Amino acid sequence: MAGVSLAGVSKNYGAVNVIRDVSLTINDGEFVVFVGPSGCGKSTLLRMIAGFEGITGGDVLIGVSRVNEMAARDRGVAMVFQNYALYPHMTARENMAFGLKNIGTPKAEITARIDKAAAILQLEPYLDRKPRALSGGQRQRVAIGRAIMREPDVFLFDEPLSNLDAALRVSMRTEIAKLHHRLGATMIYVTHDQTEAMTMADRIVVLRAGQIEQVGAPIELYERPVNAFVAGFLGAPRINLIPATVATVDGEVVELVCPGDARMTAKVRTGSAKAGDKVTLGLRPEILSPADEGALSGTVDVVEQLGSMQLVYATLADGTSIVSELRGGTAPAIGSVGRFAIGNGTRHVFNAEKLSITLHSGGGA
Ligand code: ADP
Ligand code: MG
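Residues numbered from 1 in each chain as written. Chains lettered and ligands numbered in written order. Predicted model: local features only at pLDDT ≥ 70, side-chain atom pairs only at ≥ 80, totals over all residues. Heavy atoms only, no water.

A. Focus on the sheet that holds strand β4 (residues 57–62). Across the sheet, which stays open at both edges, the four strands sit in the order β2-β1-β4-β5 with antiparallel pairing between neighbours. A strand with exactly one partner marks an edge of an open sheet, and here the two such strands are β2 (16–26) and β5 (65–66). Judged from the five bridges that link them, strand β1 (residues 4–13) and β4 form a sheet pairing that is antiparallel. Within β4, the position partnered with V4 by the bridge is I62. Docked against the sheet, helix α1 (residues 42–50) engages β1, β2 and β4, running at close to 120° with respect to β1. (Pairing = 2+ DSSP bridges. Helix = DSSP H or I, 4+ residues; strand = E, 2+ residues; numbered from the N terminus. Contact = heavy atoms within 4.5 Å. Axes fitted to C-alpha atoms, helices over the stretch in contact; angles between N-to-C directions.)

Here is the structure:
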């Protein structure tokens, strides 16, 4: 078992800086998810930990060992890839055995480990099939089985569920969470999917353009995003980001003017805003709902019926799109001008640099 530490890690491809000064400590046994938009450097960072990419600057530690120059096979890590990377001419069993056979592990030991991995992943019926005779989900389970075989200290997953259909993604998500509980190993999981990050992680690391934006427990990032990027990345439907101007400031309370001359108050850290500042108001869809007396008004574009609720999409006077939730009742007609009320919950405020100046109950950022 081992944790992973990154200290000022960077990666350049020629003049291009794809990972910039990343420092992070992942505890032994922790499930950490790297999340961020495509191209932000998630795979590069994971591959640097795995030993498949060189490190331009900084140090990578696994347990107490600095592994910068250590070969991938010696690092005690196993990686699971999006495309499974199985050998097509080998059966599931042979694919799982291959790595250990190569390093001369005794046959009885390999068989015992295959039996154990197959039992954990319910792969017993498929062990003698070749990949082409397996479904996507079964192939991915073989790829995970192959990683388990190596009994690594650290599992690295690079978008392992992206090629699966929606239902299978949900069930594999649970399988991997169970696997984590069962093995207690450190797991680093890369995804661009905020739902996977929110549901699976002990801690989420949000990356943008090769840098860490914020690290924390899912609910912490959801409730206290440090900037509009993190606020916008986590949560579905996305948080509403509405341009606003500060009209008045009274201690912590600011009065904001939103499109359509809608006025409302929010709480910000003392001294973080002054009258005339351009800010962004962040309202999660769950605190916004269609209501006759609502503060905001917008033209209703689309209504989505989800059964448990309806999502009502509208456009404000300045062209900003918003989405609100309606639980029970009748949605306003498409094309009509509806009003939207702000319920209980955090009114996030971001300054001109898109950094949060929200005052959270309990204080602090
Ligand atoms: P992610 O996994 O978050 O989608 P990647 O880690 O694959 O992102 O890529 C990060 C950035 O590094 C991208 O802009 C990508 O184009 C660039 N990149 C990746 N590999 C190379 C390479 N071998 N040479 C040059 N640029 C690369
Ligand atoms: Mg990637």
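B. Fine view of the packing of aromatic side chains. Enumeration over the complete set of coordinates arrives at six aromatic pairs. An angle of 35° between the planes, with centres 5.8 Å apart, marks the rings of F31 and Y189 as tilted. Placement of the pair is F31 in strand β3 (residues 31–35) and Y189 in strand β8 (residues 186–191), with a sequence separation of 158 residues. Its relative accessible area of 1% is what places F31 among the buried residues. Classification of Y189 as buried rests on a relative accessible area of 0%. Clustering of aromatic rings is evident, with ring pairs tying together F31, F155, F157 and Y189. Positioned over the ring face of Y222 is R284, at 3.8 Å from the centre of the ring. (Phe/Tyr/Trp six-rings, centres within 6.5 Å; stacked < 30°, edge-to-face > 60°. Buried < 20%, exposed > 50% of the residue type's maximum accessible area, 1.4 Å probe, protein only. Lys NZ or Arg CZ within 6 Å of the ring centre and 35° of its normal.)

C. Here's a closer look at unusual backbone geometry. Residue P237 is bonded to the preceding A236 through a cis peptide linkage, with omega at -10°. Secondary-structure assignment places P237 in the loop between α8 (228–233) and β11 (240–250). The backbone of Q122 sits at a positive phi, close to 50°, despite the residue not being glycine. Mapped onto the elements of the fold, Q122 is located in the loop between α3 (107–121) and α4 (136–149). Judged by its relative accessible area of 52%, Q122 falls in the exposed class. Not every positive phi belongs to a glycine, and A209 is a case in point at roughly 45°. Along the chain, the position of A209 falls in the loop between β9 (203–208) and β10 (211–216). Since its relative accessible area comes to 40%, A209 is described here as partly exposed.

D. Quick peek at the site of ligand 1. All residues in the neighbourhood of ligand 1 are listed as Y13, V18, P37, S38, G39, C40, G41, K42, S43 and T44. Between ligand 1 and G39, the relevant distance is 2.7 Å, taken from an oxygen atom to a main-chain nitrogen or oxygen of the residue. Take K42: an N or O atom from its main chain is 2.9 Å from an oxygen atom of ligand 1. With the chains in place, 55% of the 560 Å² that ligand 1 exposes on its own is no longer accessible. If one sorts the elements of the shell around ligand 1 by residue count, α1 sits on top with three residues. Its residues assigned to classes, the shell around ligand 1 shows four nonpolar, five polar and one charged. (Near = heavy atom within 4 Å. Polar contact = N/O pair within 3.5 Å; in protein donor to acceptor, adjacent residues only side chain to side chain. Areas by Shrake-Rupley, 256 points an atom, 1.4 Å probe, with all protein chains shown as cover. Nonpolar A, V, L, I, M, F, W, Y, C, P; charged D, E, K, R; others polar.)

Just geometry here; none of it tells us what the structure is for.
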